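# Observations on the model geometry
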Amino acid sequence: MTLALANARKPRRPPGARVAQAEDPLEDTVSAAGFLRTWGFAWEGELKLSGLRRLQEVVEALMESMVGGGRPADAALESINDAAAGCGWVKRLTATLKLAEEPRWRDPVAGLAARCLVEIAACDSRRIKRCARPECGLFFYDTTRNANARWHQEAPCGWRARAQRRRKQ
Ligand SMILES: [Zn+2]
């Protein structure tokens, strides 16, 4: 979900489309809510769009700095930690007598920031990449065995990039 948030405001060009769709899911509260629900994020109470947009920028800057295992940018790191500071953690005992920690928040943006922290901490930052097709540039997580993927997806980016290379030869 962290990567989806980082990519949220990038124009997309689905296979077959002639022009990129510059659709911003964070444009209004209805589309923002739909976007977050897609990623299984549930909340009650008011979703502050300004806070959400700020968080999106921070996550995008953070991913930008971390591409290929880079060191996270100080400012972005501080901002996301600040955003997540409004989220508390509650320890609970499970039925199998294990301790589980659950996030508790009032402001959904704080909960979202906390979820991003958990996801980022669990990932291998060397696998955070940016699509090699310049017109695309979406961030993606490389799950290939050798971590050698160059495009966020084969369709359309992989074959478009290869077709372009063939034309140049
Ligand atoms: Zn791509």
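Keep in mind that this is a model prediction, so the values were computed, not measured. (Residues numbered from 1 in each chain as written. Predicted model: local features only at pLDDT ≥ 70, side-chain atom pairs only at ≥ 80, totals over all residues. Heavy atoms only, no water.)

### Considering the pairing of strand S1 (residues 88–93)
- Inspection of the sheet shows S1 paired to strand S2 (residues 99–104) by six bridges, in the antiparallel sense. By the bridge assignment for S2, Lys 91 is matched with Glu 101.
- The turn linking S1 back onto S2 is made up of five residues, and Leu 97 within it adopts a positive phi angle of 60°. (Pairing = 2+ DSSP bridges. Helix = DSSP H or I, 4+ residues; strand = E, 2+ residues; numbered from the N terminus.)

### Quick word on a positive patch on the surface
- A grouping of Arg 150, Arg 165, Arg 166, Arg 167 and Lys 168 is seen on the molecular surface, where their side chains present a positively charged patch.
- In this fold, Arg 166 is placed in helix H6 (residues 154–168). (Patch = residues over 30% accessible without salt bridge, like charges linked within 9 Å, V, L, I, M, F, W, Y side chains within 5 Å. Areas by Shrake-Rupley, 256 points an atom, 1.4 Å probe, with all protein chains shown as cover. Salt bridge = Lys/Arg side-chain N within 4 Å of Asp/Glu carboxyl O. Lys, Arg positive; Asp, Glu negative; His and termini not counted. Charge placed at Lys NZ, Arg CZ, Asp CG, Glu CD.)

### Thoughts on helix H4 (residues 74–84)
- Within H4, burial applies to Ala 76, Ile 80 and Ala 84. Each buried residue of H4 sits inside an arc of 65° when the element is viewed along its axis, so together they form one side. Exposed residues lying more than 90 degrees from the buried face of H4 are Ala 75, Glu 78 and Asp 82.
- Looking at the buried residues of H4, the elements they touch are helix H3 (49–66) and helix H5 (108–122). (Buried < 20%, exposed > 50% of the residue type's maximum accessible area, 1.4 Å probe, protein only. Arc of directions from axis to C-beta. Contact = heavy atoms within 4.5 Å.)

### Points about the coordination of the zinc ion
- At 2.1 to 2.3 Å from the zinc ion lie its protein donor atoms, namely Cys 131 (SG), Cys 136 (SG), His 152 (ND1) and Cys 157 (SG).
- The site at the zinc ion holds four donor atoms, and with the angles between them running 102 to 123°, its shape is tetrahedral.
- We classify His 152 as partly exposed; its relative accessible area is 23%. (Donors = N, O, S within 2.8 Å, 3.2 Å for Na, K, Ca; no water. Tetrahedral: all angles 85-135°; square planar, octahedral: opposite > 155°, others 65-115°.)

### Let's talk about a nonpolar patch on the surface
- On the surface, a cluster of nonpolar side chains totalling about 380 Å² of accessible area is made up of Leu 93, Leu 97 and Leu 99.
- Relative to the helices and strands, Leu 97 resides in the loop between S1 and S2.
- Looking at Leu 97, the relative accessible area reads 66%, which means it is exposed.

### Some thoughts on the pattern of salt bridges
- Going through the model one piece at a time under the given rule, you end up with 13 salt bridges.
- One salt bridge connects Arg 9 with Asp 24, and the closest N-O pair in it is separated by 3.1 Å. Placement of the pair is Arg 9 in the loop between helix H1 (2–7) and helix H2 (29–38) and Asp 24 in the loop between H1 and H2, with a sequence separation of 15 residues.
- Note that Glu 135 and Arg 133 form a salt bridge whose closest N and O atoms lie 3.9 Å from each other.
- Salt bridges sharing partners connect three or more residues here, namely Arg 92, Glu 102 and Arg 104.

So far we have only geometry, and geometry alone does not tell us how the molecule works.
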